[in-house]
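As a plain string of letters, each chain reads:
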Amino acid sequence: MNTIGHFIDGKRVSGDSERRGDVFDPATGRRTGVVELASAGDVAGAVEAADRAARTWRDASLAKRTAVLFAFRELVNARRDRLAEVITAEHGKVLADAAGEVQRGLEVTEYACGIPSALRGGFSENVSTEVDSYSLRQPLGVVAVISPFNFPVMVPLWFVPVAVACGNAVVLKPSEKDPSAALLLAEWFTEAGLPDGVLNVVNGDKEAVDALLDHPGVKAVSFVGSTPVARYVHQRGSLAGKRVQALGGAKNHMVVLPDADLDLAADAAVNAGFGSAGERCMAISALVAVEPVADALVAKIAERMGRLRTGDGRRGCDMGPLVTAAHAERVRSYVESGIAAGAVPVVDGREVDPDGDADGFWLGPTLFDHVTPGMSIYTDEIFGPVLGVVRVGSYDEAVDLVNANPYGNGTAIFTNDGGAARRYQHEVEVGMVGINVPIPVPMAYYSFGGWKASLFGDLHAHGADGVAFFTRGKVVTSRWLDPRHGGVNLGFPTQT
């Protein structure tokens, strides 16, 4: 049985803890490995290695940092198929989706390659007589990244390249459900020339998370996961004096106005609702149909769902399994809850006949109609292939519904009315908005993050916010005295 350890100070190591977790192939249900679950002592060792490395890496030239990032980018690009296979083997998403995840991670890496421009400060000459003032951005030191199971490559690459480019050292704690991809990334960073200790990986569960949140050597924490855990990470990390950005859960709405192209909207709803088996924080899980389009739209979505092939992601299927048996059972319980609450199951994913091993963690795409805001399938983040249609009578009712939701991660509107789209992007209380785009994940040079219960902290991921998060500002005021000037003056200095 493959044992998956940690990556500390430039090499794979085993920790002190005797605790282990199981790693599965979700398409077969078979256990494929065991992962070591780090103790607080293991975490401390990783932080110590990172601290040693940070003291020299912060002084590495921008040219050196950029060279490492370019080399890492080339390695990932050349080995993207291998990385996608590892994602599919442990997470379950289909190979095409895994390859797309790698590509989005590469885009952030490419943004980080431009760190010399992103770190440029400002300079003002003669703010006072022969006095100049200028600003700098400097690294924090050791930072932690805690990433989720659903994007084992993309989410680490949202943070690690930017943090490293800014001159920090990183301790990455990936999900214990699919840990292997993070270890490959760390090895490839080392191969690209990153000094030992600048990137470390500790596998683990809550014990490792708490150790990172409490360790005084960790200056900042980036987290992506569910809202309850994001709130916990933000509170505990902040109490320990750390800078924290904690990206939480979502209940993303897609509003379809009566003038929309319903074929385009139906395609988008299926793609955004069932890609990666709905295990995306940006998945569309609530479709808001503004009457009188609901009947036609539901029929078009159901017709498309009938052509989807659920099965092993290595067999060219459209949708793979859920990540664990427990999670599949949890999502299945929501389907049962929706039926009991009175929602109409147009397509019941429990009846799927998968193209895969009978012991895989299967649940097919599920479509509910006549969902109401009081139902658990509407209020809760299901994180599975369950799409609910809520019928409303007007644009205003749709906006009120979206804005009343406690989450504010992503939303989309489908319409051919430019005025309505512009009004929606202005009025909706959500951090990322798509106009005829169902999953509005920003490009790497913009920043990713939601509002309300979808984000705890002030700064979003990657882009300019990412650079600001992983650095702190310093302003220098300098005077180089001219030999012609001198003398003593005890008066209060003035700006003259």
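Look above for the structure.
Computed from a prediction, not measured in an experiment: that's the story for all the values here.

About the thresholds
Residues numbered from 1 in each chain as written. Predicted model: local features only at pLDDT ≥ 70, side-chain atom pairs only at ≥ 80, totals over all residues. Heavy atoms only, no water. Helix = DSSP H or I, 4+ residues; strand = E, 2+ residues; numbered from the N terminus. Pairing = 2+ DSSP bridges. Axes fitted to C-alpha atoms, helices over the stretch in contact; angles between N-to-C directions. Left-handed = near helix turned anticlockwise from the far one by under 90°. Contact = heavy atoms within 4.5 Å. Nonpolar A, V, L, I, M, F, W, Y, C, P; charged D, E, K, R; others polar. 1 Å grid on protein atoms, 1.4 Å probe; cavity = no way out; pocket = protein on both sides within 12 Å on 5 of 7 lines; lining within 4 Å. Points joined across faces, edges and corners; volume = space filled by probe spheres on them.

A. Structural view of unusual backbone geometry. Following Glu-291, the chain continues to Pro-292 via a peptide bond in cis, the omega torsion being 20 degrees. One can find Pro-292 in the loop between strand 14 (284-290) and helix 11 (294-305). Positioned with a positive phi, Asn-436 is a non-glycine residue whose angle comes to about 60 degrees. Its place among the elements puts Asn-436 in the loop between strand 20 (432-435) and strand 21 (451-452).

B. Representation of the sheet that holds strand 5 (residues 30-36) in the model. The mixed open sheet is built from 3 strands, whose spatial order is 1-5-4. Looking at which strands have only one partner, the edges of the open sheet turn out to be strand 1 (2-4) and strand 4 (20-25). Across this sheet, the average inter-strand angle for adjacent strands is 35 degrees, counted without regard to direction.

C. Spotlight on the packing of helix 8 (residues 206-214) against helix 9 (residues 227-239). Two elements in contact, helix 8 and helix 9, have axes whose closest approach is 8 Å; the angle formed by their N-to-C orientations is 35 degrees. You can see that helix 8 and helix 9 cross each other, and the crossing is right-handed. Each of Lys-206, Val-209, Asp-210, Leu-213 and Asp-214 in helix 8 lies in contact with helix 9, whose residues at this interface are Tyr-232, Val-233, Arg-236 and Gly-237. Of the residues contributing to the contact of helix 8 with helix 9, the split by class is 4 nonpolar, 1 polar and 4 charged.

D. Just the layout of surface pockets, in detail. Its volume calculated, the largest pocket comes out at about 710 Å³. Around the largest pocket, the lining is made up of 30 residues, and of these Phe-149, Phe-223, Gly-225, Ser-226 and Val-229 lie nearest the centre. Put simply, the parts of the chain that give the lining of the largest pocket at least two residues each are helix 8, strand 11 (218-224), helix 9 and helix 12 (325-341). Ranked by residues supplied to the lining of the largest pocket, first place goes to helix 9 with 5 residues. Roughly 540 Å³ of internal volume is contained in the second largest pocket. In terms of lining, the second largest pocket is formed by 30 residues, of which the most central are Asp-97, Asn-271, Gly-275, Arg-280 and Ile-439. Elements that contribute at least two residues to the lining of the second largest pocket include exactly helix 4 (95-112), helix 6 (154-165) and helix 10 (262-274). Here the lining of the second largest pocket takes 5 residues from helix 4, the largest share from any one element. Residue composition of the lining of the second largest pocket, by class: 18 nonpolar, 6 polar and 6 charged.

E. View of empty space enclosed by the protein. Following the criterion strictly, the structure yields 2 cavities of 30 Å³ or more and no others. There is about 90 Å³ of room inside the largest cavity. Around the largest cavity, the lining is made up of 13 residues, and of these Arg-280, Ala-283, Ser-285, Glu-381 and Phe-383 lie nearest the centre. Of the residues that constitute the lining of the largest cavity, the class distribution is 6 nonpolar, 4 polar and 3 charged. Elements supplying a minimum of two residues to the lining of the second largest cavity: helix 4 and helix 6. Its residues placed into classes, the lining of the second largest cavity shows 7 nonpolar, 1 polar and 2 charged.

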